[in-house]
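So you can see what is in the structure, the chains are spelled out below.
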Amino acid sequence: MNYEQQDIVKAFQLYTRLAAQGFIAEEDVEYYLMHEDVQSLLEQFVHYVDAILVHAGEVLYLVPTAGLSPFHIKNEQVRREIGANAVNADVYMMYFCILVFIGEFYNSYQAIGIQRDFLTMNEWLDLVNIRMETLGQHSPEELLQCAQELQYNWPGILEKWNALNDLKESAANQKGNTVSRLSFLHKVLQFMFKENIVIEIGSGEYALTEKTQTIVQRYFMELDYNRGILQFMYQYDERKEE
Amino acid sequence: MEEYLKDTTKGFGERFRRLAVFTPLFSLKGKRKSAALPFDIDWFSLGLLTLLFFFESKLHRQGKKGRQELADYLYEATQAQIGAQRSHYDLITETIMDTFRDPMGKRHNEAFFNWETGVQEVVQFSLLKTDTFDQENNRQYFTLDEAGLELIFATKEYFSEFRISIAQLLIRKQLEKGEFSSALHEIHEMRIAVQALRDHIQRLGLEVTRNIISDDTYGKYAKTIENVYERLTREDEEFRELYSFVKETTAKIQFESQKQVDEEARLQIAQVSIELGEVHQLHHGLLYNVMQLKNRALEAARQALFSAGIQSFNFDQEIVSRIVSSPLPEEAVKGLVHPFTRLHQQTSWSLLALLFPQRLQRSDQEEETAAYPEIEEEEYRQHTLQQEENFCRIMEEVIKVMDGKYSMELKDMIAGLPGELLQHRSFYDFWLLLHQRSPVVKGVGEGKHVLDKALALLEDDILEVGEKPEFLQITEQYTLQNMCFTRRRKNG
């Protein structure tokens, strides 16, 4: 298909903006909606970086697809954000905490929307603790075997989590450099603020942003995409059974 | 108290009474399973059903409704859910009836403190009353009493949709009667109603954009939008009429007040006119919002042609739980978080950056501080030592002036202090520091502080320094707020 030069340039402009901030709004979206060629170009562009576009009202989001891709955010970059001594296990631990956080808002088969207005730090900590315990219930041999055969590193992550000093959780100020689970969660929060996943709506009360809700409800809950996501998860199960 | 808060307690007793009629109903919630009724019974909703039963009977002029009829009805309506026998329902009915209507014949009483009048009051009400008594068959029939009717009416949701229309009517009546201040209050309430409507529309808008909508839901939204739109147009018309009515009234008052000066009424009607205009404008903006919402819903419906939503998806169960129970590799965790993050951004550096214009630094100043840090530190230490000595001396003088007293104000001390002390900067630092750290006590073992030596002079007493309102012009150069210097025994 032939495109006008003008459209290609404009589409690229919009794409750079999307890539830089994750969304475009207002007149950019209007332009996008009015020019079909720009739309199709943009869709191709994002397709090549393993992402999709989600149009929600006056905002157009760039959503990286679930899965692994060289175009997605890199561990190295995230490690730098967590702290000087962070290793990959920290990154995965953080990602896990984020999933637990979001899952707590979408925990029902009956309703589509969010089921709670906000989550507090302590509750979140409890939830992560419970999940980590479940993980710990797999026999060490089983975990270790998985670790060797499929390069899982859950034992490492579990060890890391357990090593974080849980005893000082009652201390008044945890935001500093105290090595504890809460202070780790605070780091995760900082990351989530930066990625615009949560907002603080009160002291210690954290809610999902409009962006996050849109992504869950428009991407995770879309029939085709959902199938793709589940497929992505199944593949590991299959590999394990082989 | 702020002026606008005066109205909070207005009609407190009346509001309390309205709430109090619900207490018997809510007390049903506390009922537990018993040996006689070993079922999970939602007593609260059965109680509400009972009231509705009597209400419908009254509505259709069906008299002669007693315990048996009620038990029959409840049996028919709820038996499938609860699974109890007809014989159990006699007991259920009895329990509910006894809660609503005391078997001893006492009325329901709720004591409360009326904050408006400032006295203890009691509200009395009854939900059910005896309709007739059939002596021959020993049957008693009941009907809803005043409070029971009120309760039923209060639960019906007809009001919110017409709240604005009703307010408009009310305002008109109040203006006709010349009650401008209550009309003003009504306008304020109407503003809240309009804002609530705006929030509702916004929430709908968010829902539409957040979800993939199916045909059904689109139909639902379209219908809601249609309703709201109709309602808004109707209300808008009414607003215009009301507005012109206010104009007329204003003109009338202007005319009348030429004869008899009624300044207050004129001001109030002017205020009514202004605020009504504001609310109208706010309301008018809603029309635009609804149009926007309509477009969004249409757009969402268009998108729904390309993608279908799934009926239910439990993120917690299907993603988080699966990760830990399977367990999936942490790589999968990463892949699942990616939708929420940015794309990778390559940072690159160009060789040409060497030729970019450079920011000029003010090198002279910065270099100096960087080159000789130890001297500055030495200076600082000297200064601290000096200050410590100074503070110690000042404290000595202060204790001397206080002459054994435990509390004294600064303004009373000044006369007794040596003049050169007042000329010195340290004297003022001393007070500032003390005020900042108050209450203070002699440091025990911790790090050093410039006040340590001075505080040691107070032995173990606790020292409090609090500010007083007036300012003291102590010398030409220095002004200090008056302070109160208090010594307290540690255990006293």
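The paragraphs below set out a description of the structure included in this document. (Residues numbered from 1 in each chain as written. Chains lettered and ligands numbered in written order. Predicted model: local features only at pLDDT ≥ 70, side-chain atom pairs only at ≥ 80, totals over all residues. Heavy atoms only, no water.)

1. Section: the interface of chain A and chain B
Part 1 of the argument: Listed as interface residues are 73 residues of chain A and, on the opposing side, 48 residues of chain B.
Part 2 of the argument: For the chain A and chain B pair, buried surface summed over both sides reaches about 6100 Å², with 60% attributable to carbon and sulfur atoms.
Part 3 of the argument: The three residues of chain A that bury the most area against chain B are Leu 99, Tyr 109 and Met 233 of chain A, which together make up 12% of that side's buried surface.
Part 4 of the argument: Summed over the shared surface of chain A and chain B, the number is four salt bridges.
Part 5 of the argument: Arg 210 of chain B serves as the salt-bridge partner of Glu 210 of chain A, at 2.8 Å between the closest nitrogen and oxygen.
Part 6 of the argument: At the boundary of chain A and chain B, one finds 19 residue pairs in polar contact (both at pLDDT 80 or more).
Part 7 of the argument: Residue contributions to the side of chain A that touches chain B peak at 11 residues, all from helix 10 (residues 210–220) of chain A.
Part 8 of the argument: Residues that form the side of chain A that touches chain B fall into these classes: 41 nonpolar, 19 polar and 13 charged. (Contact = heavy atoms within 4.5 Å. Buried area = accessible area lost by both parts, 1.4 Å probe. Salt bridge = Lys/Arg side-chain N within 4 Å of Asp/Glu carboxyl O. Polar contact = N/O pair within 3.5 Å; in protein donor to acceptor, adjacent residues only side chain to side chain. Helix = DSSP H or I, 4+ residues; strand = E, 2+ residues; numbered from the N terminus. Nonpolar A, V, L, I, M, F, W, Y, C, P; charged D, E, K, R; others polar.)

2. Points about helix 5 (residues 86–100) of chain B
All names here are of chain B.
Part 1 of the argument: For helix 5, built from 15 residues, the straight-helix expectation of 21 Å at 1.5 Å per residue is met to within 8% by its first-to-last C-alpha distance of 21 Å.
Part 2 of the argument: Burial in helix 5 covers these residues: Tyr 89, Ile 92, Thr 93, Thr 95, Ile 96, Met 97, Thr 99 and Phe 100.
Part 3 of the argument: Lining the buried residues of helix 5 we find helix 2 (23–27), helix 3 (43–59), helix 4 (67–82), strand 1 (108–114), strand 3 (128–134) and strand 4 (139–144). (Expected span 1.5 Å × (residues − 1). Buried < 20%, exposed > 50% of the residue type's maximum accessible area, 1.4 Å probe, protein only.)

3. A word on the sheet that holds strand 6 (residues 205–208) of chain A
Residue and element names in this part refer to chain A.
Part 1 of the argument: What the three strands build is an open sheet, ordered 4-6-5; its pairing is antiparallel. Looking at which strands have only one partner, the edges of the open sheet turn out to be strand 4 (119–120) and strand 5 (198–202).
Part 2 of the argument: In terms of strand pairing, strand 5 meets strand 6 through four bridges, oriented antiparallel. Counterpart to Glu 200 in the pairing with strand 6 is Tyr 206.
Part 3 of the argument: Across the sheet, helix 9 (residues 181–194) lies against strand 5 and strand 6, angled at about 110 degrees from strand 5, the strand it touches most. (Pairing = 2+ DSSP bridges. Axes fitted to C-alpha atoms, helices over the stretch in contact; angles between N-to-C directions.)

4. Digging into the packing of aromatic side chains
Residues and elements named next belong to chain A.
Part 1 of the argument: Taken as a whole and assessed by the stated rule, the structure comprises 25 aromatic pairs over all chains.
Part 2 of the argument: Taking the centre distance of 6.1 Å and the plane angle of 55 degrees together, the rings of Phe 193 and Tyr 206 count as tilted. In this pair, Phe 193 is assigned in helix 9 and Tyr 206 in strand 6, connecting sequence segments 13 residues apart.
Part 3 of the argument: When its relative accessible area of 28% is taken as the criterion, Phe 193 is described as partly exposed.
Part 4 of the argument: What makes Tyr 206 buried here is its relative accessible area of 4%. (Phe/Tyr/Trp six-rings, centres within 6.5 Å; stacked < 30°, edge-to-face > 60°.)

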